[in-house]
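Reading the structure
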Amino acid sequence: MNQVVTNIFHKLLLTSEAKKYKSGNFYSLGIIIEFNGRTIQLASRINEYLKLYKSELERLTDKEKELCELICSGYFSEVLLDDMISNKKFPVYNLLEDEKYVIRKVIGMKDKQFLAEMTARSLEKDYQKYTLDIIDVFDRHIKSAYIKEIRELFHYTADKAKEKELFRLVDFLIHFINWNNSFYDFYDTSFDIIPGHIRKVENRLSHALRLTIKAYLAFHSHINTLRRLLEKHEQGRISTLSLLDWQTDIKNILTKQFVTLFGRKKSAEYIQALQKLVQQEFKI
C-alpha cells in the first residue's frame, strides 16, 4: 500500500445544520484525510452502512426510536460520538473503522499522478465507486445488455416468416416483463416456468453475453458463501460485496470455487467474463 496517508479520522461537521434531540445538537459526520502535508475532507457515508444494522442500533439505544433514527441517519452529538469511539460500541465504532480502512485501501491502490492531483471530489468519486454493491453492478450491466440484444432480435425477426415463434418470445420479453426487477430474479423465475423458451432466446444471444450470464449465475450462487467467508456483518463491517472486495478477495475466492466445480478452463472463462464486465463498468 502507498504510504502517503498520515492520518484519517471522523469529525462532526459542526458548521452543518444541527438536528435537535432532547437538549443536545446532533451533526452529520465528515472524514478528514491527512496525507503528504495536505488535508482533504469527505462526507462520511456511515448512514448508508448503518441501515443494515437497525436491530443492533435499537439495542444500543434501548429502543429510543428518535435517537435510533438519528444515528441511523448518520447524526451524532459530540458526547455520543466520543462514547461510541472511546467504548468501541458495536456497530458504530466498527463501521467507522472500516470506513477509514476502505479509504486507505482506495488511496493505496492509486498511482502517483492520481495522488498528486487528488481532490476531495476525485477521492469521493473513487470512494463511492469502490464501495458500490458489485452484485447490483453486475445485474444492471447484464440486464442492459440482455434487453439490447433481445430488442435487436425483435427487429431482426419482425418480418421473417420462419422466425415467428422467436419474434413472439422476444416481443413478450420486451413488452410484458417488468424490467424494474433484477435480471437474476427474472432469469431464475422464467427458467423455472418456461425453460425451453428462455433457452431458445438464449441460443440466439451473442457468445459473450451467454458466457457473462452463465458466469454471473455461477457467481450469484456463491453470494451467501462469500458473505460468510468475509464475515462482514458479524464484524460490523460495511456489508456490501463491493468492487474493492472483488479486487482484493472475491476474485481469488471465486477462482478456487469455480476450479473445483467447473475445471480450470471454464473457471478462467467465467472469471475473465466477470473481470471484463468490471473493467467496462468501472473503467479500470
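Above this text sits the structure in question.
Quick summary incoming for the structure in this document. (Residues numbered from 1 in each chain as written. Predicted model: local features only at pLDDT ≥ 70, side-chain atom pairs only at ≥ 80, totals over all residues. Heavy atoms only, no water.)

1. Some details on the nonpolar core
The biggest cluster of nonpolar side chains holds 88 residues, and the ones touching the most others in it are I33, I134, Y146 and F219. Among the elements that take part in this core, helix α8 (residues 134-157) stands out by supplying 10 residues, more than any other. (Core = buried A, V, L, I, M, F, W, Y, C linked by side-chain atoms within 4.5 Å. Buried < 20%, exposed > 50% of the residue type's maximum accessible area, 1.4 Å probe, protein only. Helix = DSSP H or I, 4+ residues; strand = E, 2+ residues; numbered from the N terminus.)

2. Describing the environment of S267
Structurally, S267 can be placed in helix α15 (residues 264-282). Judged by relative accessible area, which is 1%, S267 ranks as buried. A sequence separation of 12 residues divides S267 from T255, and the C-alpha atoms of the two residues are 6.3 Å apart. For S267, the residues in contact, after removing those within four places along its chain, are T255, F258, V259 and F262. (Contact = heavy atoms within 4.5 Å.)

3. Details of empty space enclosed by the protein
The full count for this structure, using the stated rule, is 1 cavity of 30 Å³ or more. Mapped onto the lining of the largest cavity, the elements with two or more residues apiece are α9 (164-176) and α11 (195-202). In terms of residue class, the lining of the largest cavity is made up of 6 nonpolar, 1 polar and no charged. (1 Å grid on protein atoms, 1.4 Å probe; cavity = no way out; pocket = protein on both sides within 12 Å on 5 of 7 lines; lining within 4 Å. Points joined across faces, edges and corners; volume = space filled by probe spheres on them. Nonpolar A, V, L, I, M, F, W, Y, C, P; charged D, E, K, R; others polar.)

4. Observations concerning unusual backbone geometry
Residue P91 is reached from F90 by a cis peptide bond, and omega for that bond is 5°. By the secondary structure assignment, P91 is in the loop between α4 (78-86) and α5 (92-108). We note that D62 has phi near 55°; this positive angle belongs to a residue other than glycine. In this fold, D62 is placed in the loop between α2 (54-60) and α3 (65-72). Look at D62 and you get exposed, because its relative accessible area is 65%. Non-glycine residue K88 carries a positive phi angle of around 50°.

5. Description of the packing of aromatic side chains
Inspection of the entire model under this criterion finds 20 aromatic pairs. Pairing F138 with F219 gives two aromatic rings, centres 5.2 Å apart and planes at 70°, and the pair type is edge-to-face. Here F219 lies in helix α12 (residues 207-220) and F138 lies in helix α8, a separation of 81 residues in the sequence. The class of F138 is buried, set by a relative accessible area of 0%. Judged by relative accessible area, which is 0%, F219 ranks as buried. Here Y184 and Y216 contribute two aromatic rings whose centre-to-centre distance is 6.5 Å and whose plane-to-plane angle is 90°, an arrangement assigned as edge-to-face. (Phe/Tyr/Trp six-rings, centres within 6.5 Å; stacked < 30°, edge-to-face > 60°.)

6. Considerations on the layout of surface pockets
Roughly 240 Å³ of volume is contained in the largest pocket. Taken together, 14 residues line the largest pocket, and the ones lying closest to its centre are H141, A208, L209, T212 and Q280. Counting only elements with at least two residues in the lining of the largest pocket, the list comes to α8, α12 and α15. Counting residues per element, the lining of the largest pocket draws most heavily on α12, at 5 residues. A per-class count over the lining of the largest pocket returns 6 nonpolar, 5 polar and 3 charged. Space inside the second largest pocket adds up to approximately 180 Å³. In this structure, the second largest pocket is lined by R45, E48, Y49, L52, T131, L132, D133, D136, I238, S239 and T240. Among the residues forming the lining of the second largest pocket, the class breakdown is 4 nonpolar, 3 polar and 4 charged.

By themselves, these are just geometric observations and shouldn't be taken as functional.
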